[in-house]
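Spelled out from the first residue to the last, the chains are:
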Amino acid sequence: MSNGGVRIEDGGTRWVMWGDVDAAVQVHAEPALIESLQGLTEPVWIDLADVTFMDSGGLRLLYQAAASGEGAPVLVNTPQRIRDLLEVSGVLSLFTLAT
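Residues numbered from 1 in each chain as written. Predicted model: local features only at pLDDT ≥ 70, side-chain atom pairs only at ≥ 80, totals over all residues. Heavy atoms only, no water.

**Student:** Residues and numbers for helix H2 (residues 56–66), please.
**Tutor:** Of the residues making up H2, those classed as buried are Gly 57, Gly 58, Leu 59, Leu 61, Leu 62 and Ala 65. On its buried face, H2 sits against strand E1 (4–9), strand E2 (14–21), helix H1 (23–37), strand E3 (45–54), strand E4 (74–76) and helix H3 (80–88). Here H2 starts with a cap whose side-chain oxygen sits 2.8 Å from the backbone nitrogen of Gly 57, and that cap is Asp 55. (Buried < 20%, exposed > 50% of the residue type's maximum accessible area, 1.4 Å probe, protein only. Helix = DSSP H or I, 4+ residues; strand = E, 2+ residues; numbered from the N terminus. Contact = heavy atoms within 4.5 Å. Polar contact = N/O pair within 3.5 Å; in protein donor to acceptor, adjacent residues only side chain to side chain.)

**Student:** Any details on the pattern of salt bridges? Residues and values, ideally.
**Tutor:** Throughout the structure, instances matching the rule amount to four salt bridges. Measuring nitrogen to oxygen at the nearest pair gives 2.9 Å for the salt bridge that ties Arg 14 to Asp 47. Residue Arg 14 is located in strand E2, and its partner Asp 47 is located in strand E3; the two are separated by 33 residues in the primary sequence. The salt bridge partner of Arg 60 is Glu 30, with a shortest N-O separation of 2.7 Å. You can see Arg 60 sitting in helix H2 and its partner Glu 30 sitting in helix H1, a full 30 residues away along the chain. Judged by relative accessible area, Glu 30 falls into the buried class, the value being 10%. Here the residues in one salt-bridge network are Arg 7, Glu 9, Arg 14 and Asp 47, joined through shared partners. (Salt bridge = Lys/Arg side-chain N within 4 Å of Asp/Glu carboxyl O.)

Below, the structure is given as structure tokens:
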């Protein structure tokens, strides 16, 4: 069992991720996250302040938000290690980084 997760807030326009966002979190959370993107007319905001670890499962969840077509997802409180992961993965340009 993973020690992380994702909470959907504000009618799907805000995701709050925490802990180890890994493949176990992805399998559990992905259906609800994809559903939360349906019908949105604005980019989703994703708070990463409490993320301690992210692997390809977490990247896949972020990519789902980027692929929704409603503008670049806004990443809030992004730890440097997550910025580095996005950059090394070649997907940083898909997101807007908020300070």
